[in-house]
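# What the coordinates show
Read off the chains here:
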Amino acid sequence: MAIAKYGLVAVDCPDPQALAGFYAAVLGGDVKQNTEDWYDLYLPDGPRIAFQRAPGHRPPDWPRADDNSQQMHLDFDVPDIEAAQTQVLALGATPLDLDDEDGKRGFRVYADPAGHPFCLCRA
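What you see is a predicted model; the values in this text were computed from it and never measured. (Residues numbered from 1 in each chain as written. Predicted model: local features only at pLDDT ≥ 70, side-chain atom pairs only at ≥ 80, totals over all residues. Heavy atoms only, no water.)

Looking now at the packing of aromatic side chains. Here the distance between the centres and the angle between the planes together describe a pair of aromatic rings. Taken as a whole and judged by the stated rule, the model has seven aromatic pairs. Ring geometry for Phe-22 and Tyr-23: centres 5.0 Å apart, planes at 85°, overall edge-to-face. Tyr-23 carries the same exposure label as Phe-22, and that label is buried. Ring geometry for Tyr-110 against Phe-118: centres 5.6 Å apart, planes inclined by 25°, an arrangement best described as stacked. Take Tyr-110: its relative accessible area is 0%, and that puts it in the buried class. Through successive ring pairs, a cluster of aromatic residues spans Phe-22, Tyr-23, Phe-51, Phe-76, Tyr-110 and Phe-118. (Phe/Tyr/Trp six-rings, centres within 6.5 Å; stacked < 30°, edge-to-face > 60°. Buried < 20%, exposed > 50% of the residue type's maximum accessible area, 1.4 Å probe, protein only.)

Here you go:
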């Protein structure tokens, strides 16, 4: 029997409204303001991602593990990785690792506008 039920992932960032808008453009869904420091993105299939203001936020250095390493990253399944890449880059994502070994590796790594790593994964 489970101890808990999944609620959300909360992402620290300098501008929660802007980052919620970025992910809404990537994933769809509705952004709702809770406070000026907290925005929720309600995804079409039910889960929720929250974005909270973190003064002094410093993005992780990807893929380092020795200092200021990433604490988490998000994976997004896409049917067409080339089309999805074009779209996330147009929204302000930064490429971190696009070498998918000519399709042998099924993902590519990007940073969102606040510097958090995320992957586009071939569905």
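The next subject is the nonpolar core. In terms of nonpolar packing, the biggest core is built from 23 residues, with Leu-19, Tyr-23, Phe-51, Phe-118 and Leu-120 touching the most fellow members. For this core, the secondary structure elements donating two or more residues are β1 (9-13), α1 (16-27), β3 (38-42), β4 (48-53), β5 (74-78), α2 (81-90) and β8 (117-122). Tallying contributions element by element places α1 first for this core, with five residues. Apart from the residues within four sequence positions on either side, Leu-19 is in contact with Val-11, Cys-13, Phe-51, Asp-112, Pro-113, Ala-114 and His-116. (Core = buried A, V, L, I, M, F, W, Y, C linked by side-chain atoms within 4.5 Å. Helix = DSSP H or I, 4+ residues; strand = E, 2+ residues; numbered from the N terminus. Contact = heavy atoms within 4.5 Å.)

On to the sheet that holds strand β2 (residues 30-35). Here four strands make up an open sheet; going across it, the order is β1-β4-β3-β2 and the pairing mixed. In the strand order of this sheet, the two ends are held by β1 and β2, each with one partner. In this sheet, neighbouring strand axes are inclined to one another by 25° on average, regardless of whether the strands run parallel or antiparallel. Of the pairings in the sheet, the one linking β1 to β4 comprises five bridges and is parallel in character. When the bridges of β4 are listed, Cys-13 appears paired with Arg-53. (Pairing = 2+ DSSP bridges. Axes fitted to C-alpha atoms, helices over the stretch in contact; angles between N-to-C directions.)

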